[in-house]
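Remarks on the overall topology
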Amino acid sequence: MEAFLTSSAELHGFAVARAAGRPTGSVYPILARLEQAGWLESRWEDEHPEEGRPRRRFYSLTSDGAAASRATVLERRGELPSAWSSGRLRPALRLMPRWGNAW
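As a starting point, this report considers the structure included with it.

Here we look at the environment of T72
Tracing the chain through its elements places T72 in helix α4 (residues 63–76). Placed 70 residues apart in sequence, T72 and E2 show a C-alpha to C-alpha distance of 9.3 Å.

Structure follows, in C-alpha cells:
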C-alpha cells in the first residue's frame, strides 16, 4: 500500500510487486482482494501494448483506500496506536501461561 501512497500516478501490478519486493504471484491476489474491499480501483490500459507484451492493468487508491492505507502504514511504523496496543483486542497467547508447561 505504501507504493500507492508515494505515487500520484496509477500503478500497474508489476510495478506494485517490484515496489513491495514481493513476487507477482502473491501481489495480484492481494490487489484483487483490495479492489473487492473498495480500497482500489483498476482499469486495463487503453493503448495497444508493445508487440509481445500483454496489456497492463492499472490500479489506484480510492478515497477510502487512501485513508485506510495511511492509517495502516502509520500503525505499522509505530506512529499510530493499534487495536492491540489499546487493549481492545487481546491475543489468545496471553492465556497460555495459565496452562504452565503443557505446551
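Examining the nonpolar core
One finds A3, F4, L11, V16, A17, V27, L31, L34, L40, Y59, L61 and A66 forming the largest nonpolar core, which totals 12 residues. Listed by contribution, the elements that provide at least two residues to this core are α1 (2–5), α2 (13–20), α3 (24–36) and β3 (57–61). Counting residues per element, this core draws most heavily on α3, which supplies 3 residues. With residues up to four places along the chain from it excluded, the contact list for F4 reads L11, V16, L31, L40, Y59, S60 and L61.

Quick notes on the pattern of salt bridges
Under the counting rule described, the total for this entry stands at 3 salt bridges. Note that E10 and R43 form a salt bridge whose closest N and O atoms lie 2.8 Å from each other. Within this pair, whereas E10 is found in the loop between α1 and β1 (11–12), its partner R43 is found in strand β2 (residues 40–44), the two being separated by 33 residues in sequence. Notably, a salt bridge pairs E45 with R53, separated by 3.1 Å at the nearest N-O pair. The class of E45 is buried, set by a relative accessible area of 4%.

A few points about the sheet that holds β1
Taken in spatial order, the 3 strands of this open sheet run β1-β3-β2, and their pairing is antiparallel. Across the chains shown, the open sheet's two edge strands, defined by having one partner strand only, are β1 and β2. The sheet strands contacting α3 are β2 and β3, and the helix crosses β2 at an angle near 115°.

Focus on α4
Note on helix geometry: an α-helix contains 3.6 residues per turn, so any two residues three or four positions apart are oriented the same way. Spanning 14 residues, α4 covers 20 Å between terminal C-alpha atoms, matching the ideal 20 Å at 1.5 Å per step. Within α4 the residues assigned to the buried category are G65, A66, A68, S69 and V73. The inward-facing, buried residues of α4 abut α1 and β3. In the segment just after α4, G78 is the residue with positive phi, at about 85°.

Some remarks on the pairing of β3
Bridge count for β1 against β3 is 2 bridges, and the pairing is antiparallel. Among the inter-strand pairings, L11 is bridged to a residue of β3, identified as Y59. Direction of pairing for β2 relative to β3: antiparallel, over a ladder of 5 bridges. Its bridge partner lying in β3, W44 is registered against R57.

Digging into the environment of S26
Mapped onto the fold, S26 is located in helix α3. Among the polar contacts listed, one links the side chain of S26 to the backbone oxygen of P23, at a separation of 2.9 Å.

Reading the values: rules and limits
Residues numbered from 1 in each chain as written. Predicted model: local features only at pLDDT ≥ 70, side-chain atom pairs only at ≥ 80, totals over all residues. Heavy atoms only, no water. Helix = DSSP H or I, 4+ residues; strand = E, 2+ residues; numbered from the N terminus. Core = buried A, V, L, I, M, F, W, Y, C linked by side-chain atoms within 4.5 Å. Buried < 20%, exposed > 50% of the residue type's maximum accessible area, 1.4 Å probe, protein only. Contact = heavy atoms within 4.5 Å. Salt bridge = Lys/Arg side-chain N within 4 Å of Asp/Glu carboxyl O. Pairing = 2+ DSSP bridges. Axes fitted to C-alpha atoms, helices over the stretch in contact; angles between N-to-C directions. Expected span 1.5 Å × (residues − 1). Polar contact = N/O pair within 3.5 Å; in protein donor to acceptor, adjacent residues only side chain to side chain.

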